[in-house]
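Take a look at the letters that make up each chain.
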Amino acid sequence: TSLGAAPEGMQWFVKTEQFSKPYPIVKPYLEAHREWIRSIRQNHKADDKDTHDKMQPTVVSGYRVDSQNKPGGGGLMIFSAQSYEAAEEFVRQDP
């Protein structure tokens, strides 16, 4: 996915994570996170372009890899928000 300028009135922010627990412990949180991201993307796509909430975050995310080049070493999320405070509030919603 290519990112250009942030949507009008928004700025880009980046959230990174590195897992410090074994995968079986992290797995339920990953599943909840994936569902959270999926719902954000579905809501974004479901909005008609003419009525789209311009302040809704745009999200691009994916796994980081571990030392063996396998997914599960952590994650990276690039998203839009109006301000640092709004970005922090958005990130705190992540399960």
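Residues numbered from 1 in each chain as written. Predicted model: local features only at pLDDT ≥ 70, side-chain atom pairs only at ≥ 80, totals over all residues. Heavy atoms only, no water.

Some points on the nonpolar core
Point 1. Residues Phe 13, Trp 36, Ile 37, Ile 40, Val 59, Met 77, Phe 79, Ala 81, Ala 87 and Phe 90 constitute the largest nonpolar core, which totals 10 residues.
Point 2. Elements represented by at least two residues in this core include exactly α1 (23–46), β3 (71–81) and α2 (84–92). (Core = buried A, V, L, I, M, F, W, Y, C linked by side-chain atoms within 4.5 Å. Buried < 20%, exposed > 50% of the residue type's maximum accessible area, 1.4 Å probe, protein only. Helix = DSSP H or I, 4+ residues; strand = E, 2+ residues; numbered from the N terminus.)

Notes on the packing of aromatic side chains
Working definition: an aromatic ring pair is given by the centre-to-centre distance plus the angle between the planes.
Point 1. Inspection of every chain in the model, using the stated rule, returns three aromatic pairs.
Point 2. Summarising the aromatic geometry, the rings of Phe 79 and Phe 90 are spaced 5.0 Å apart at their centres and angled 40° between planes, so their arrangement reads as tilted. Remark: Phe 90 occurs in helix α2 and Phe 79 occurs in strand β3; sequence separation between them is 11 residues.
Point 3. The class of Phe 79 is buried, set by a relative accessible area of 1%.
Point 4. Clustering of aromatic rings is evident, with ring pairs tying together Phe 13, Trp 36, Phe 79 and Phe 90. (Phe/Tyr/Trp six-rings, centres within 6.5 Å; stacked < 30°, edge-to-face > 60°.)

A few points about the pattern of salt bridges
Point 1. Per the stated rule, a full pass over the model turns up five salt bridges.
Point 2. As a salt-bridge pair, Lys 15 and Asp 94 come within 2.4 Å of each other at their nearest N and O atoms. Of this pair, Lys 15 sits in strand β1 (residues 11–18) while Asp 94 is found in the segment after α2, placing the two residues 79 residues apart along the sequence.
Point 3. Under the relative-accessibility criterion, Lys 15 is labelled buried at 14%.
Point 4. Residues joined in a network through salt bridges with shared partners are Lys 15, Glu 17 and Asp 94. (Salt bridge = Lys/Arg side-chain N within 4 Å of Asp/Glu carboxyl O.)

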